[in-house]
Amino acid sequence: MLDMVSIGALVLLGLILLMLLFQSLKLHGVWQMIRVCRTATRWARIWEMENKELRSALRAERAHVEQLKRKLVLLQALMPAV
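Keep in mind that what you see is a predicted model, and the values were worked out from it rather than measured.

Within the protein chain, the secondary structure is distributed over one helix and zero strands. Its C-alpha atoms give the protein chain a radius of gyration of 35 Å, more than 25% over the compact-globule value 12 Å for 82 residues. Taken over the C-alpha atoms alone, the protein chain extends approximately 120 × 15 × 10 Å along its principal axes. Burial statistics for the protein chain: of 82 residues in total, 0% are counted as buried. In the structure as shown, the protein chain presents an accessible area of about 8200 Å², 72% of it carried by carbon and sulfur atoms. Each charge class in the protein chain was averaged separately, 12 positive and 6 negative side chains, and the resulting centres sit 6 Å apart.

Next up, the structure:
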């Protein structure tokens, strides 16, 4: 009778160990997904900052072009008509 209890306990421990192994594999998959998301988020932030810088530079260039156009209009007005 004691052998049956010992074998039952051993089988139960084996099942628990197997379940823990499956849980460990699941957690490993979740951890990998978290790492991928963290990397993707980091790149998204980098691209967002680059886009902000590029939009700012584009606004500055457009303002500069407008300023040059105004100067050209003024210079053309100052030149005698030929």
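Another aspect to go through is the packing of aromatic side chains. Per the counting criterion, the structure on display carries one aromatic pair. Considering the side-chain rings of Trp-43 and Trp-47, the 5.9 Å spacing of their centres and the 35° angle between planes classify their relative orientation as tilted. Placement of the pair is Trp-43 and Trp-47 together in helix 1 (residues 2-78), with a separation of four residues, close to one helical turn. Above the plane of the ring of Trp-43 lies Arg-42, whose end atom (NZ or CZ) is 5.7 Å from the centre.

How each quantity is defined
Residues numbered from 1 in each chain as written. Predicted model: local features only at pLDDT ≥ 70, side-chain atom pairs only at ≥ 80, totals over all residues. Heavy atoms only, no water. Helix = DSSP H or I, 4+ residues; strand = E, 2+ residues; numbered from the N terminus. Rg over C-alpha atoms; globule rule 2.2 N^0.38 Å. Buried < 20%, exposed > 50% of the residue type's maximum accessible area, 1.4 Å probe, protein only. Areas by Shrake-Rupley, 256 points an atom, 1.4 Å probe, with all protein chains shown as cover. Lys, Arg positive; Asp, Glu negative; His and termini not counted. Charge placed at Lys NZ, Arg CZ, Asp CG, Glu CD. Phe/Tyr/Trp six-rings, centres within 6.5 Å; stacked < 30°, edge-to-face > 60°. Lys NZ or Arg CZ within 6 Å of the ring centre and 35° of its normal.

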